[in-house]
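Observations on chain architecture
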There are 2 protein chains.
Amino acid sequence: MTNKDARTPASVQDAQSEEAGKSIGWHKAYVEGSRPDLRVPVRQVHLTNGQSVTLYDTSGPYTDPLVDTDVRRGLSPLRENWIIARGDTEEYAGRPVRPEDDGIKHTSPRGGLRNLDAVFPGRPRQPRRGKDGKAVTQLAYARRGEITPEMEYVAIRENVSPEVVRDEIAAGRAVLPANVNHPEIEPMIIGKRFLVKVNANIGNSAVTSSIEEEVEKMTWATRWGADTVMDLSTGRNIHTTREWVLRNSPVPIGTVPLYQALEKVDGRAEELTWDIYKDTVIEQAEQGVDYMTVHAGVRLAYVPLTANRKTGIVSRGGSIMAAWCLAHHKESFLYDNFEELCEILAAYDVTYSLGDGLRPGSIADANDEAQFAELRTLGELNRIAKRFNVQTMIEGPGHIPMHKIKENIDLQQEICDEAPFYTLGPLTTDVAPAYDHITSGIGAAMIAWWGTAMLCYVTPKEHLGLPNRDDVKTGVITYKIAAHAADLAKGHPGAQEWDDALSDARFEFRWEDQFNLALDPDTAREFHDETLPAEPAKTAHFCSMCGPKFCSMKISQDIRREHGGTQAEIEDGMAQKSKEFAASGNRVYLPIAD
Amino acid sequence: MTNKDARTPASVQDAQSEEAGKSIGWHKAYVEGSRPDLRVPVRQVHLTNGQSVTLYDTSGPYTDPLVDTDVRRGLSPLRENWIIARGDTEEYAGRPVRPEDDGIKHTSPRGGLRNLDAVFPGRPRQPRRGKDGKAVTQLAYARRGEITPEMEYVAIRENVSPEVVRDEIAAGRAVLPANVNHPEIEPMIIGKRFLVKVNANIGNSAVTSSIEEEVEKMTWATRWGADTVMDLSTGRNIHTTREWVLRNSPVPIGTVPLYQALEKVDGRAEELTWDIYKDTVIEQAEQGVDYMTVHAGVRLAYVPLTANRKTGIVSRGGSIMAAWCLAHHKESFLYDNFEELCEILAAYDVTYSLGDGLRPGSIADANDEAQFAELRTLGELNRIAKRFNVQTMIEGPGHIPMHKIKENIDLQQEICDEAPFYTLGPLTTDVAPAYDHITSGIGAAMIAWWGTAMLCYVTPKEHLGLPNRDDVKTGVITYKIAAHAADLAKGHPGAQEWDDALSDARFEFRWEDQFNLALDPDTAREFHDETLPAEPAKTAHFCSMCGPKFCSMKISQDIRREHGGTQAEIEDGMAQKSKEFAASGNRVYLPIAD
């Protein structure tokens, strides 16, 4: 999104990197807010015609050559002073870190208690929470009429007034996920009134992957535009991996605490208890997780509704809770203890992402009774969360044929009082494993147009294996396309300026500008160079598709040149000819006899 | 699409390949019609549970191990007897092939006349046309109430009655492109009542590529599901390349004769004449081109409407015709001679694809007056073509943001009397060069759901370079996804059975069945093996994403197993528990105080 008015980057120390940036086509700039410690990063693209375009930037300090980042030290805690200044939180000793938090058995020789410092020695800290269990959430502040620095930050980022941000949060139509223990984030907002956001999942599993890889996947995903990252790790070292990801993440981090809780009972769902779950939530809240998926809508009574489905329950969280409910023939402990959970989340400003554990896993199961029964419960839980001042978004499916997509967002908005919808795709067909980023990118664009606030990406490996670096990038880029296509269709202010800048560059054969404005400049440049690698080709007034003689854009330009100096003159000249033509009858054929 | 009733493959000579097919998971089978020379190919997928699924097959004889193909001999002319038996066509000497047909200057030492045999010695033949210029089109037959073998063929392929096929063609709502000089094709139909089709473009250009490469691209594209192929060659050897492509193509071939005509005047648009164009159309019609893009809607009066566009005219044909109109300040020779062109096309049963030369080339230019003015002219030309019994489809854009897509198909259907719409994408944003298969796949799925009959693919190289083998495959697969997603959304009979078969295989961990049912079995298998390469993993009851403990499908299955033998029993058991629960109050929280 470009904006030449409100968001002119203005930091003095940019000068140096701006000069350097001009040679490579872009640089990281900052828009300063009402206070010097409120600086919103943007990607400033310098065009060869002297203009520049300002784009939303999720990549964090990693793309700023003036910032010295080190994964062992973590990012600078930019929100720390804002949080402290509010005076409503306090540091405390925190829950001891246990070996089993990292999936290590009690009998392991590596056993024994540690504290957070031992997990991430780079920046010693104590966890923080609301004083006396007070709700220290952006929702609480918004309702009180306060515009926090975080709200001002996202207002600048989204190019709207801070009042709009406050209103949307206060009404529950948007969330600003920002745990008081994750001061490193660059605040962002999720709501239909704002740019559509994209989440990328990372996470090691029992089968493969390491801590370093997960941190690297997070920075890689945000480099390409992921607005939030969910850490879905399930194997060893869950706690430590999460700590390293959090300390190094410029974007909000989401998790599904149930996965770790299940690890603690060796994968036996029936052994899960509210106490183990609650302890895990506190563990993660102290680390700084910004939003948590909670499958509290999977109620005992809904499980039979899935029995005749083609693909049963496909949400991991959903199937774990269903198994627990059936094993005990009792109502879900998440549903039963939801109010207590609200109190915990409110004390850290953890945002709920109410999970759709009964989402359809196939085209055949879309929009069925199990799915919508759960959705109605999510609506009920959303209201409870709001009573506790907990920010809340609602997760959505999944697998839905195109003609059933709109019903999903419409029902969700109605039942959940317009709380932000956060959908996984949806996949619009099941017949293309290895291409589910595309089957789901189609559904994602549509549902975002109709109001979904955040899209959870799907990679080409969905259903088949764990995504590698390339898959993460492909998934993020595909979903940025879906999100931006939706921003355009929603008429989001400024969204089209980006397309226009690229279209202008294309028409004027400014190849380098096309590349630098592209969602993925590297691949665009590489594809161009495959056919016409020479440097002059990048200034050529044609391209390899049609060659010089057939280039339609060249012909269009020739038309303009030959038939008048300026565009207005061409139009006048041509309009004159056209009028003459119209006067002469303007048609060649007689009316058609049917 | 599966069908266990009407389309059981029944050829006796299948037995051998069927046995062989079972070991590799699928085989090429044929469904026999009312006569022994009418055998419709299908892809028969053999599942490990003993069932089989029948899928539409575009790959031609190349995937039949019992057929010995040789590109130098071409494919067997399966329609030849049908055409001859109608008795309304005749062979004739045909236009001599000139060196300039292959882009060779008169002065070239390779000069001198040849006939078609010299171009493709493998199968001597003379061109054929309607006796006394008679309309020998499927439209003419359909209007007379005749069900041709071609119509019966597509009826079997589409799993509908031959009467439906005849009705749709007669009403102009569908086309069956089948030049009498292209007897090698396996007939197919394009219309909103039928499966959504996909076209792949191939074509050498002045910059790169060879004859062999183009033939190979054609067989490669059809192997992955291209329903038609357009040969957009613009460089040397256009005529010869086209001949080789036609003689080896099992799918209809489309062209844009204007490109070759322009070559004949050395790329100088203003030197084009009706005679040169007409001669080129006859040249291509004699070779067997099944449909031709004709930009007769680019009228002089519309050119000024493009002057203030962001990206002017982006269609090559459109810009050539605009340049011609302006150079001469005269009405388009295509528009002026449209009736004569109809007579020519009718004599060979060449189908019109009325080109949208003024389609938008950027989000900014979508749905503007230039575009819609041309569309109204296409509606007028469509009616003229129908008077001459020429089958006609209408081309559509291009670049359109999502919220403006529906207007395109609705207007086209209204203005063009429901003639089949054939759209390029549309791309839903301009910011992702290198990913325009995806930006456009989104728009393609939507517009096809709303009624577009055929989608022209876009490859990842669009706007950047010439597609290679991988790009062609990616483009075709992406568009098959869009087409099938639309078939599902339209509720096309049988479309969902394919998804259901794959979903069942997924839920039951039948990995090999998932691969064999996938649009791209090779990549699906490869992605799976990347994470879990061992053979036992392909029968494992979990996959690499979550590992054995967390597999939701496994948990779902465990639930079914542990809580009753059959699904009905589980449901009964669970329903009983659920009732007890409901009786106990069915809720945990008191009504919410707002």
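Not measured: the values here are computed from a predicted model. (Residues numbered from 1 in each chain as written. Chains lettered and ligands numbered in written order. Predicted model: local features only at pLDDT ≥ 70, side-chain atom pairs only at ≥ 80, totals over all residues. Heavy atoms only, no water.)

1. Quick word on the overall build of chain A
When helices and strands are counted, chain A shows 23 helices and 15 strands. Relative to its full complement of 594 residues, chain A shows a buried share of 67%. Here the analysis covers contacts within chain A between residues at least 6 apart in sequence; of these, 72% occur between residues at least 24 apart. By element, 50% of the accessible surface of chain A is carried by carbon and sulfur atoms, the whole surface being about 19200 Å². (Helix = DSSP H or I, 4+ residues; strand = E, 2+ residues; numbered from the N terminus. Buried < 20%, exposed > 50% of the residue type's maximum accessible area, 1.4 Å probe, protein only. Contact = heavy atoms within 4.5 Å. Areas by Shrake-Rupley, 256 points an atom, 1.4 Å probe, with all protein chains shown as cover.)

2. Things to note about the pairing of strand β9 (residues 228–231) of chain B
Residue and element names in this part refer to chain B. Neither face of β9 is open: one carries Thr228 and Met230, the other Val229 and Asp231, and all of them are buried. Two elements, strand β8 (residues 197–202) and β9, share four bridges in a ladder whose sense is parallel. Along β9, the bridge assignment pairs Asn199 with Thr228. As paired elements, β9 and strand β10 (residues 253–255) share two bridges and run parallel to each other. When the sheet's bridge partners are listed, Val229 is paired in β10 with Ile253. Since β9 and β10 lie parallel, the crossover through helix α8 (residues 238–247) that links them has a hand, and here it is right-handed. (Pairing = 2+ DSSP bridges. Right-handed = clockwise from strand over helix to strand, strands pointing away.)

3. Brief notes about helix α17 (residues 469–489) of chain B
For an α-helix, 3.6 residues make a turn, and residues three or four places apart therefore share a direction. All names here are of chain B. The terminal C-alpha atoms of α17, which comprises 21 residues, lie 30 Å apart, in line with the 30 Å expected from a rise of 1.5 Å per residue. The element α17 is largely enclosed, with a buried count of 18 among its 21 residues. Between the side-chain oxygen of the N-cap and the backbone nitrogen of Asp470 there are 3.0 Å, and the N-cap of α17 in question is Asn468. One or two positions beyond α17, positive phi appears at Gly491, with a value near 70°. (Expected span 1.5 Å × (residues − 1). Polar contact = N/O pair within 3.5 Å; in protein donor to acceptor, adjacent residues only side chain to side chain.)

4. So, the pattern of salt bridges
Residue and element names in this part refer to chain B. Taken as a whole and judged by the stated rule, the model has 94 salt bridges over all chains. The partner of Arg95 in a salt bridge is Asp279, with the nearest N and O atoms 2.7 Å apart. One end of the pair, Arg95, is in the loop between β4 (89–91) and α3 (116–119); the other, Asp279, is in helix α10 (residues 274–287), with 184 residues separating them in the sequence. According to the relative accessible area criterion, Arg95 is buried, its value standing at 11%. A salt bridge links Arg157 to Glu186; its shortest N-O distance comes to 3.9 Å. Of the two residues, Arg157 sits in helix α5 (residues 149–158) while Glu186 sits in the loop between β6 (174–175) and β7 (190–191), which places them 29 residues apart along the sequence. (Salt bridge = Lys/Arg side-chain N within 4 Å of Asp/Glu carboxyl O.)

5. Overview of the nonpolar core
Formed by 282 residues in total, the largest nonpolar core has its most connected members in Tyr277, Tyr352 and Met402 of chain A together with Tyr277, Tyr352 and Met402 of chain B. Leave out the neighbours within four places in its chain, and Met402 of chain B touches Ala445, Met446, Trp449, Ala485, Ala486 and Ala489 of chain A together with Thr428, Ile442 and Met446 of chain B. Membership of the second largest hydrophobic core comes to 19 residues, among which are Ile83, Leu139, Val154 and Ile169 of chain B. (Core = buried A, V, L, I, M, F, W, Y, C linked by side-chain atoms within 4.5 Å.)

6. Notes on the packing of aromatic side chains
Taken as a whole and judged by the stated rule, the model has 20 aromatic pairs over all chains. An aromatic cluster is defined as three or more aromatic residues linked by ring pairs; in this entry it consists of Trp274, Tyr277, Trp324 and Phe333 of chain A. One cation-aromatic arrangement involves Lys473 of chain A over Trp224 of chain A; the distance from NZ or CZ to the ring centre is 4.1 Å. Across from the ring centre of Phe527 of chain A, 4.9 Å away, lies the NZ or CZ of Lys461 of chain B, which sits over that ring. (Phe/Tyr/Trp six-rings, centres within 6.5 Å; stacked < 30°, edge-to-face > 60°. Lys NZ or Arg CZ within 6 Å of the ring centre and 35° of its normal.)

7. Describing the pairing of strand β13 (residues 392–396) of chain B
Residue and element names in this part refer to chain B. In terms of burial, β13 is largely enclosed, as five of its five residues are buried. Burial along β13 is two-sided: the residues Thr392, Ile394 and Gly396 and Met393 and Glu395 are all buried. The sheet contact formed by strand β12 (residues 351–354) and β13 spans three bridges and is parallel. If you follow Tyr352 over to β13, its bridge partner there is Thr392. Once you follow β12 into helix α14 (residues 369–387) and on to β13, the crossover reads as right-handed. Regarding the hand of the β-α-β motif, the stretch spanning β13, helix α15 (residues 405–415) and strand β14 (residues 421–424) is right-handed.

8. A few points about the side chain of Asp500 of chain A
Residue placement: Asp500 of chain A occurs in helix α18 (residues 495–507). Among buried charged residues, Asp500 of chain A stands out as having no salt bridge; its nearest opposite-charge side chain is Lys310 of chain B, 4.6 Å away. Residues in contact with Asp500 of chain A, not counting those within four places in the same chain, are Lys310 and Ala364 of chain B. (Lys, Arg positive; Asp, Glu negative; His and termini not counted.)

9. Observations regarding the packing of helix α9 (residues 257–264) of chain A against helix α10 (residues 274–287) of chain A
All names here are of chain A. At their nearest, the axes of α9 and α10 sit 9 Å apart, and the two run at 125° to each other. Considered as vectors, α9 and α10 are oriented oblique to each other. The handedness of the crossing between α9 and α10 is right-handed. Across from Pro257, Leu258, Gln260, Ala261 and Lys264 in α9, the residues of α10 making contact are Ile276, Tyr277, Asp279, Thr280, Val281, Glu283 and Gln284. Across the contact of α9 with α10, the residue classes break down as six nonpolar, three polar and three charged. (Axes fitted to C-alpha atoms, helices over the stretch in contact; angles between N-to-C directions. Parallel < 35°, antiparallel > 145°, perpendicular 65-115°, else oblique. Left-handed = near helix turned anticlockwise from the far one by under 90°. Nonpolar A, V, L, I, M, F, W, Y, C, P; charged D, E, K, R; others polar.)

10. What about α14 of chain B?
All names here are of chain B. If you check α14, its first and last C-alpha atoms are 28 Å apart, about what 19 residues at 1.5 Å a residue would give, namely 27 Å. Extensive coverage of α14 is indicated by the burial of 14 of its 19 residues. Looking one or two places after α14, you find Asn389, whose phi comes out positive at around 60°.

11. Let's talk about the sheet that holds strand β13 (residues 392–396) of chain A
All names here are of chain A. One closed barrel holds the eight strands; their spatial order is β8-β9-β10-β11-β12-β13-β14-β15, and the pairing between them is parallel. Between one strand and the next, the sheet's axes are offset by a mean angle of 25°, whatever the strand orientation. Helix α7 (residues 211–223) contacts β8 (197–202) and β9 (228–231) of the sheet and is inclined by roughly 160° relative to β8.

12. Digging into the sheet that holds β8 of chain B
Residue and element names in this part refer to chain B. Spatial strand order, β8-β9-β10-β11-β12-β13-β14-β15: eight strands in a closed barrel with parallel pairing. Pairwise comparison of adjacent strand axes, ignoring direction, gives a mean angle of 25° for this sheet. Alignment of β10 against strand β11 (residues 291–294), held across two bridges, turns out to be parallel. Its bridge partner lying in β11, Thr255 is registered against Met292. This element, α8, spans β8, β9 and β10 of the sheet and lies at about 155° to β10.

13. Topic: the confidence of the model for chain A
Interpretation of the predicted coordinates at a detailed level should be avoided for regions scoring low in pLDDT. All names here are of chain A. In this model, chain A carries a mean pLDDT of 88, and residues with pLDDT of at least 70 account for 83%. Every residue in residues 1–13 is under pLDDT 50, and counting partners more than four places away or in other chains gives 41 contacts. This stretch, residues 581–594, has a pLDDT under 50; its non-local contacts, to residues over four places away or in other chains, come to 25 contacts. Model confidence for the complex: the whole-complex pTM is 0.91, and ipTM, which rates the interface, is 0.90. (pLDDT = per-residue confidence, 0-100.)

14. Side note on the environment of Arg79 of chain B
Residue and element names in this part refer to chain B. Structurally, Arg79 can be placed in the loop between β3 (52–56) and α2 (80–86). For Arg79, a relative accessible area of 0% gives the class buried. The spatial distance from the C-alpha of Arg79 to the C-alpha of Glu184 is 6.5 Å, given a sequence separation of 105 residues. For Arg79, the residues in contact, after removing those within four places along its chain, are Arg86, Glu150, Ala178, Asn179, Val180, His182, Pro183, Ile185 and Pro187. A distance of 2.6 Å separates a polar side-chain atom of Arg79 from the backbone oxygen of Asn179.

15. Thoughts on the packing of helix α16 (residues 436–449) of chain A against helix α16 (residues 436–449) of chain B
Where α16 of chain A contacts α16 of chain B, the axes come no closer than 9 Å and their chain directions differ by 70°. Taken together, the axes of α16 of chain A and α16 of chain B are roughly perpendicular relative to one another. Crossing handedness for the pair α16 of chain A and α16 of chain B: right-handed. Only His437, Ile438, Gly441, Ile442, Ala445, Met446 and Trp449 of chain B of α16 of chain B make contact with α16 of chain A, whose side of the interface consists of His437, Ile438, Gly441, Ile442, Ala445, Met446 and Trp449 of chain A. Its residues assigned to classes, the contact of α16 of chain A with α16 of chain B shows ten nonpolar, four polar and no charged.

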